[in-house]
Amino acid sequence: MKYRNALCLLIALGGQQAFAFQSSDLSREMLVAHNAVRARVGVAYLVWSPQLAERAQEWADALLASNRFAHQSNAKFGENLFEIRGAAATPKQVLNVWAAESRNYDYSSNGCRGVCGHYTQIVWRDTKAMGCAVARGERREIWVCKYDPRGNWIGRRPY
């Protein structure tokens, strides 16, 4: 299944910094938000991986520096991306955008009407670990979450 990008445009001011979620309230917030979505479909909770968070930070920084918004090619891990311009987002807001794709996913046909790959990666039953990061520039944020093992295998249901 091919991922599609989520792009949200809001108006406010953004700071300029890179932020790894290694041991912060934000990492806990992102993990709790992911696990709440997973609980709704009865799949096991994810654990936080500092190594995945580090890889997510590297990719978020690269995207911000190159003014791009694209998935990492030939990635070993699953990946969700979020971009916001002119505002700052919270982990819960980012997760809510991805999780809202559940309305596009039909379990009985294992099909998607529109974008649902971010949601199905979140609830992918075989995924055990995650790590996320955000890179903040002037009026732009890039959020990246990495997942291990990766999900969204064609022909397989997420849960």
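It should be noted that the structure appears before, not after, this text.
In this report, the structure presented in the accompanying data block is examined. (Residues numbered from 1 in each chain as written. Predicted model: local features only at pLDDT ≥ 70, side-chain atom pairs only at ≥ 80, totals over all residues. Heavy atoms only, no water.)

1. Concerning the pairing of strand β8 (residues 140–148)
Moving on, step 1. Most of β8 sits inside the fold, with eight of its nine residues counted as buried.
Moving on, step 2. Sheet analysis places strand β7 (residues 129–137) next to β8, joined by nine bridges and oriented antiparallel. By the bridge assignment for β8, Gly137 is matched with Arg140.
Moving on, step 3. In this structure, the hairpin formed by β7 and β8 is closed by a connection of two residues, where Arg139 is found at a positive phi of approximately 65 degrees. (Buried < 20%, exposed > 50% of the residue type's maximum accessible area, 1.4 Å probe, protein only. Helix = DSSP H or I, 4+ residues; strand = E, 2+ residues; numbered from the N terminus. Pairing = 2+ DSSP bridges.)

2. Regarding the nonpolar core
Moving on, step 1. Of all hydrophobic cores here, the largest spans 28 residues; its most connected members are Met30, Leu95, Trp98 and Met130.
Moving on, step 2. Contributions of two or more residues to this core are made by α1 (25–40), β4 (78–85), α3 (91–99), α4 (117–122), β7 and β8.
Moving on, step 3. If sequence neighbours within four positions are ignored, Met130 has contacts with Met30, Leu31, His34, Leu46, Val47, Trp48, Ser49, Leu52, Cys145, Lys146 and Tyr147.
Moving on, step 4. Core analysis: the second largest hydrophobic core is formed by ten residues, Trp59, Phe69, Leu81 and Val144 among them. (Core = buried A, V, L, I, M, F, W, Y, C linked by side-chain atoms within 4.5 Å. Contact = heavy atoms within 4.5 Å.)

3. Some words on the side chain of His34
Moving on, step 1. Positionally, His34 belongs in helix α1.
Moving on, step 2. Judged by its relative accessible area of 0%, His34 is buried.
Moving on, step 3. Only 2.7 Å separates the side chain of His34 from the side chain of Tyr147, close enough to count as a polar contact.
Moving on, step 4. In contact with His34, not counting residues within four places along its chain, are Leu46, Leu95, Trp98, Ile122, Met130, Cys132, Cys145 and Tyr147. (Polar contact = N/O pair within 3.5 Å; in protein donor to acceptor, adjacent residues only side chain to side chain.)

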